[in-house]
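Survey of secondary and tertiary structure
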Amino acid sequence: MGLRRLEVTDLRCLRAVEFEIDPHYTLISGANGSGKTSVLEAIYFLGRGRSFRTHRPARLIRTGCERFIVFGEVESQHGVLALGIEGTAERLRARIGGRDAASVAELASHFPVQIIDPDIHQLIELGPAVRRRLIDWGVFHVEPPFLLSWQRYRQALAQRNAALRQRQSASLVGAWDPELVRTGDVVNDARLRYVARLETMAQPLIERLLGMKLELRYRSGWPSELTFDEALRMQLTSDRERGVTQVGPHRAELVVRVDGTAAREHVSRGQQKLLAAALAIAQLRLLESETPDQPTLLLDDPAAELDSEHLSGLIRELRTLRAQLIVTTLDPVFTALGEPGRRFSLQHGQVGP
Ligand SMILES: Nc1ncnc2c1ncn2[C@@H]1O[C@H](COP(=O)(O)OP(=O)(O)O)[C@@H](O)[C@H]1O
Ligand SMILES: [Mg+2]
């Protein structure tokens, strides 16, 4: 797998650019504001159906234009597949193999992509939603049927919440519970299995990079002494008062602990960055060990973020991955990752000489 070709139209400062991507390592250099991160944003969008910089896709549309378009060709053991995404102010439309995709989420199964960028510490620092997304992306790639259960759970949850908001009777609200419990338990079990495997994969990495002992604890989103079914029933009166479902996998949390304390509170910004990067690398390694896929790793300006000792530690780990690397740098003579198969320089949103 991996990206072979990329075309980006009217996305941020990129008017119309095309790249042939190396199967192993592509380096993109350019001054500040030349569009480097925007290229990674376009690639990420192709595999995730969203940006890592904003949750408003309309922000990506080049000023004065009506839509952005990203087109890519990814290679897998089944051959080359064309993926496309178009974003207007109103909606996103994904195309897979020349056909309209049922949902943007479908893109993910064809193009596993991960990013390590200057904001990666947010994975540790922000609220639980970012860590649930991290788990769910990982679970989905090693256990594809997970996606269907998760989508059904979300549908049942939306219906139950609508019933709660409309102050419907306890029995009408409760009518959604069997579906919620059936799908929620599948989601919960898959996440638990995944977090255990991720912890095993990440521990030695974090020991090498930070000299710290990692623990990952998955909290299901309801009191641990109860089943989900019991928790829902216990919470029903309070849910009806508040008009929202307060327990379930949508409230789950992944607690990241190092050396016995919560990483969110006791670890410096620099260590948080390294910790989060190590988790991302562990996810890729897990994916590589459990599927035949070659994932893609985007690295946004790694030299700017880490001191040279931590950077070289990180690079040692990156070298053991099968993943395709696409890296940006301010420094046109960035050599820390060896010689790229292809290199591009960007100037004002255009590919330079
Ligand atoms: N919607 C937009 N339309 C046009 N230009 C944009 C839009 N959003 C951001 N930009 C501009 O795009 C440029 C690209 O920035 P970026 O990709 O972050 O560059 P780099 O990573 O090389 O520093 C910035 O100068 C920014 O002002
Ligand atoms: Mg940038």
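Above this note sits the structure.
Throughout what follows, the structure given in this document is the object of discussion. (Residues numbered from 1 in each chain as written. Chains lettered and ligands numbered in written order. Predicted model: local features only at pLDDT ≥ 70, side-chain atom pairs only at ≥ 80, totals over all residues. Heavy atoms only, no water.)

Looking now at the sheet that holds strand β9 (residues 214-219). By way of backbone hydrogen bonds, the strands of a sheet pair with one another, either parallel or antiparallel. The three strands are arranged β9-β10-β11 in an open sheet whose pairing can be described as antiparallel. The open sheet is flanked by β9 and β11 (261-262), the only strands paired with a single partner. Of the pairings in the sheet, the one linking strand β10 (residues 253-258) to β11 comprises two bridges and is antiparallel in character. If you follow arginine 257 over to β11, its bridge partner there is alanine 262. Contacts from helix α6 (residues 177-210) reach β9 and β10, with the element oriented near 170 degrees to β9. (Pairing = 2+ DSSP bridges. Helix = DSSP H or I, 4+ residues; strand = E, 2+ residues; numbered from the N terminus. Contact = heavy atoms within 4.5 Å. Axes fitted to C-alpha atoms, helices over the stretch in contact; angles between N-to-C directions.)

On to the nonpolar core. Ranked by size, the top nonpolar core spans 72 residues in total, and within it Ile206, Leu214, Val256, Leu275, Leu297 and Leu337 carry the most contacts. In this view, valine 256 contacts Ile124, Arg131, Leu214, Glu215, Leu216, Thr261, Ala262, Ala263, Leu275 and Leu279; residues no more than four positions away in its chain are not counted. Residues Leu40, Ala101, Leu107 and Phe344 belong to the second largest nonpolar core, which totals 36 residues. (Core = buried A, V, L, I, M, F, W, Y, C linked by side-chain atoms within 4.5 Å. Buried < 20%, exposed > 50% of the residue type's maximum accessible area, 1.4 Å probe, protein only.)

How two aromatic rings sit relative to each other is given by the distance of their centres and the angle of their planes. One pass over the structure, following the stated rule, counts six aromatic pairs. Taking the centre distance of 5.2 Å and the plane angle of 90 degrees together, the rings of tyrosine 44 and phenylalanine 52 count as edge-to-face. Overall, tyrosine 44 belongs to the buried group, its relative accessible area being 4%. In this structure, arginine 191 packs its charged tip against the face of tryptophan 150, placed 4.9 Å from the ring centre. (Phe/Tyr/Trp six-rings, centres within 6.5 Å; stacked < 30°, edge-to-face > 60°. Lys NZ or Arg CZ within 6 Å of the ring centre and 35° of its normal.)

All right, on to the sheet that holds strand β3 (residues 25-30) then. Read from one edge to the other, the open sheet built from six strands follows the order β8-β12-β13-β3-β14-β15, with strand pairing classed as mixed. Where the open sheet ends on each side, the last strands, each with one partner, are β8 (113-116) and β15 (350-351). Both strand β12 (residues 296-300) and strand β13 (residues 324-329) contribute to a ladder of five bridges, which runs parallel. Opposite leucine 298, over in β13, you have isoleucine 326 as the bridge partner. Sheet strands in contact with helix α1 (residues 36-48) are β3, β8, β12, β13 and β14 (342-347), and its direction is about 145 degrees off that of β8.

Attention now goes to the side chain of glutamine 246. You can see glutamine 246 is positioned in the loop between α7 (228-242) and β10. A polar side-chain atom of glutamine 246 sits 2.8 Å from a polar atom in the side chain of serine 238. Residues contacting glutamine 246, with those up to four places away along its chain left out, are Gly221, Gln235, Ser238, Asp239 and Arg251. (Polar contact = N/O pair within 3.5 Å; in protein donor to acceptor, adjacent residues only side chain to side chain.)

In the Ramachandran plot, arginine 167 falls in the positive-phi region, its phi being about 55 degrees despite a non-glycine side chain. With phi around 50 degrees, aspartate 301 is a residue other than glycine that occupies positive phi space. Checked against the element boundaries, aspartate 301 lands in the loop between β12 and α10 (302-305).

An α-helical turn contains 3.6 residues, so any two residues separated by three or four positions project in the same direction. Buried within helix α11 (residues 308-318) we find Leu311, Gly313, Leu314, Ile315, Glu317 and Leu318. Next to the buried residues of α11 lie α6, α9 (269-290), β12 and α10.

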